[in-house]
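Listed here are the chains, written in short residue letters.
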Amino acid sequence: MPKSKVFSHVFDEETLKNVNKLQGDGYIGNLLGPIGTGKESYVFYSENFKGRVVAVKIHRHNIDTFKAIPSYIRLRGKNTGGFIKKINDWTRFEYNFLSKAFNIGINVPEPIRCYENIIVMEFIGAEGRPAQPAIKDSDFDSNEWYPQIIDYIIKMGRNNLIHGDLSPYNILNYNGKPFIIDFSQGLKLSSLTKSFLVRDIDNINKWFLSLGYKKIKESQEIIRDIDENL
Ligand SMILES: Nc1ncnc2c1ncn2[C@@H]1O[C@H](COP(=O)(O)OP(=O)(O)OP(=O)(O)O)[C@@H](O)[C@H]1O
Ligand SMILES: [Mg+2]
C-alpha cells in the first residue's frame, strides 16, 4: 500500500490536511517510523527541507481517553469549542510548556513548530534511531541523573511549570543524558495544581529508590525550595 494510503487509514481528513500543510511549508517531509504510538498520539520522525531530522507528534482526534480529562482542561482555564478545537488547544498547551522548559534551559527537545494538532520538535536520537525512554534503557549514571532531575523539577517549579507526567517513561536516555519529553499534561504551578507537582516528585523519588538510591529530599522540602508560600 502506498504511504499516503496507510496514513489515510490511520488519520482523519483534518489531520491529513494539517500534515500536508506542514509538508508544503517545508517543516516536515515524509513521515517515517512511527517511533511512538501512545493512546493519545502518534510520533514519527521526518526530515525538514533543510535536511534536519525532526520528531513529529500528532495528537489523535479520535480518542476516548481525552474525554476523561475535562477537569484537566478546567485547571488550565480553557474549555471551549468543539472536539477538534479542544485537541488543538491541548496541543498548543503542550507546545507552550515545552517551549517554556526549553527557554529556561531544561534538557528537552527543541520546539520547532506547532500547527493545529501537530508538534514538530527536535528528534532526540541518531540516524533515525530514537533515544529510548529510561524505563527501557537504564544505561545511565543514577548518581548524576537523580540530582539533575530534581534540579529540573525545582527550576521548572520556580518558573511556574509542572511537567505533570514525570516518570522514566517520559525521560529519554540520549548519550547518557536525560531528556524530558511529553509535556502533554503540563500545568502552571499554583495552590490548585500543587498536588500534580507532588506526584511528579514522588514518582521520581520512587523510581530512584527502586534503583537503590537514598531519597535526596522529601517532596515537601522540594516544594519549599520552589516556593515557601505553596
Ligand atoms: N523528540 C523526540 N525524539 C525522539 N523520540 C521521541 C520524541 N518525542 C517522543 N518520542 C518517542 O515517542 C514516544 C511517545 O511520545 P510521548 O510520550 O510524547 O507521547 P504520548 O502520546 O504521551 O505517549 P504515551 O501515551 O506512550 O506516553 C516516546 O516514548 C518516545 O519514545
Ligand atoms: Mg509519554
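Keep in mind that what you see is a predicted model, and the values were worked out from it rather than measured. (Residues numbered from 1 in each chain as written. Chains lettered and ligands numbered in written order. Predicted model: local features only at pLDDT ≥ 70, side-chain atom pairs only at ≥ 80, totals over all residues.)

Side note on the site of ligand 1
Here is the rule: Contact assignment follows one rule, namely that a residue is near a molecule or strand if its backbone-placed C-beta atom lies within 6 Å of it. Where helices and strands are cited, they refer to DSSP runs of H or I of at least four residues and of E of at least two residues respectively, numbered from the N terminus. Three residue categories are used. Nonpolar comprises Ala, Val, Leu, Ile, Met, Phe, Trp, Tyr, Cys and Pro, charged comprises Asp, Glu, Lys and Arg, and polar comprises the others, including Gly.
What surrounds ligand 1 is a group of 23 residues, the closest being Gly36, Gly38, Ser41, Ala55 and Asp182. Within the residue set of the shell around ligand 1, elements represented by two or more residues are strand S1 (32-37), strand S2 (41-47), strand S3 (53-59) and strand S5 (118-122). A per-class count over the shell around ligand 1 returns 12 nonpolar, six polar and five charged.

Topic: the packing of helix H5 (residues 142-158) against helix H6 (residues 194-210)
Note the threshold: What counts as an axis is a line fitted to C-alpha atoms, over the stretch in contact for a helix, and the angles between N-to-C directions run from 0 to 180 degrees. Geometric relationships in this document are graded by angle, where less than 35 degrees denotes roughly parallel, more than 145 denotes roughly antiparallel, 65 to 115 denotes roughly perpendicular, and other angles denote oblique. Placing a C-beta atom from the backbone of each residue, one calls two residues in contact when those atoms lie within 7 Å.
Between H5 and H6, the least distance of the axes is 11 Å, while the angle of their chain directions is 175°. Here H5 is positioned roughly antiparallel relative to H6, judged by the angle of their axes. Across the interface between the two elements, Ser142, Tyr146, Ile149, Ile150, Ile153 and Gly157 of H5 pack against Leu197, Asp200, Ile201, Ile204 and Phe208 of H6. Looking at side-chain class alone, the contact of H5 with H6 contains eight nonpolar, two polar and one charged residues.

Some details on the nonpolar core
Short version of the rule: For the purposes of this analysis, a nonpolar core is taken to be any set of buried Ala, Val, Leu, Ile, Met, Phe, Trp, Tyr and Cys residues that are connected through C-beta atoms within 7 Å. Exposure classes come from backbone-placed C-beta atoms, where a residue is buried if 20 or more other C-beta atoms lie within 10 Å of its own, exposed if 12 or fewer do, and partly exposed in between. In this entry, domain limits derive from an automatic or database-based domain assignment.
Residues Val54, Val56, Ala101, Val120, Phe179 and Ile180 are the most contacted members of the largest nonpolar core, which totals 57 residues. Per-element accounting of this core gives the leading share, seven residues, to helix H4 (residues 83-103). Looking at which domains feed residues into this core, each of domain 1 (3-129) and domain 2 (131-226) gives three or more. Each residue touching valine 120, except ones within four places of it in the same chain, is listed here: Leu22, Tyr27, Ile28, Val54, Val56, Ile112 and Arg113.

A word on the sheet that holds S1
Short version of the rule: By the convention used here, strands pair only if DSSP detects at least 2 bridges between them.
Here five strands make up an open sheet; going across it, the order is S1-S2-S3-S5-S4 and the pairing antiparallel. Edge strands, defined here as strands with exactly one partner in the open sheet, are S1 and strand S4 (111-115). With strand direction ignored, the average angle separating the axes of adjacent strands in the sheet is 20°. Examined bridge by bridge, S3 and S5 share five bridges and lie antiparallel to one another. Bridge pairing links alanine 55 to methionine 121 in S5. H4 rests against S3, S4 and S5 of the sheet, and its axis sits at about 165° to S4.

What to know about the sheet that holds strand S8 (residues 132-133)
Pairing between the strands of a sheet is mediated by backbone hydrogen bonds and can be parallel or antiparallel. Taken together, the three strands give an open sheet; going across it, the order is S8-S10-S11, and neighbouring strands pair in antiparallel fashion. Each edge of the open sheet carries a strand with a single partner, namely S8 and strand S11 (177-180). Pairing geometry for S8 and strand S10 (residues 171-174), over two bridges, is antiparallel. The residue of S10 that forms the bridge with proline 133 is leucine 172.

Structural notes on the environment of asparagine 160
As for its placement among the helices and strands, asparagine 160 is situated in the loop between H5 and strand S9 (161-162). Looking at asparagine 160, the number of C-beta atoms within 10 Å reads 14, which means it is partly exposed. With 29 residues separating them along the chain, asparagine 160 and leucine 189 place their C-alpha atoms 4.6 Å apart. Ignoring anything within four residues of it in the chain, the contact list for asparagine 160 reads Lys188 and Leu189.

Looking at H5
To keep things clear, this is the line we draw: The span you would expect from a helix comes to 1.5 Å times its residue count less one. Of all possible arcs, the one meant is that of the directions from the helix axis to the C-beta atoms.
The terminal C-alpha atoms of H5 lie 24 Å apart, and with 17 residues this matches the ideal 24 Å at 1.5 Å per residue to within 8%. Restricting attention to buried positions, one finds in H5 the residues Trp145, Tyr146, Ile149, Tyr152, Ile153, Met156 and Gly157. Viewed along the axis of H5, the buried residues span an arc of 125°, placing them on a single side of the element. Turned more than 90 degrees off the buried face of H5, the exposed positions are Asn143 and Glu144. Among the structural elements, H4, S9, S11, H6 and helix H7 (219-226) are those in contact with the buried residues of H5. Downstream of H5 by a residue or two, asparagine 160 has a phi angle that is positive, lying close to 65°.

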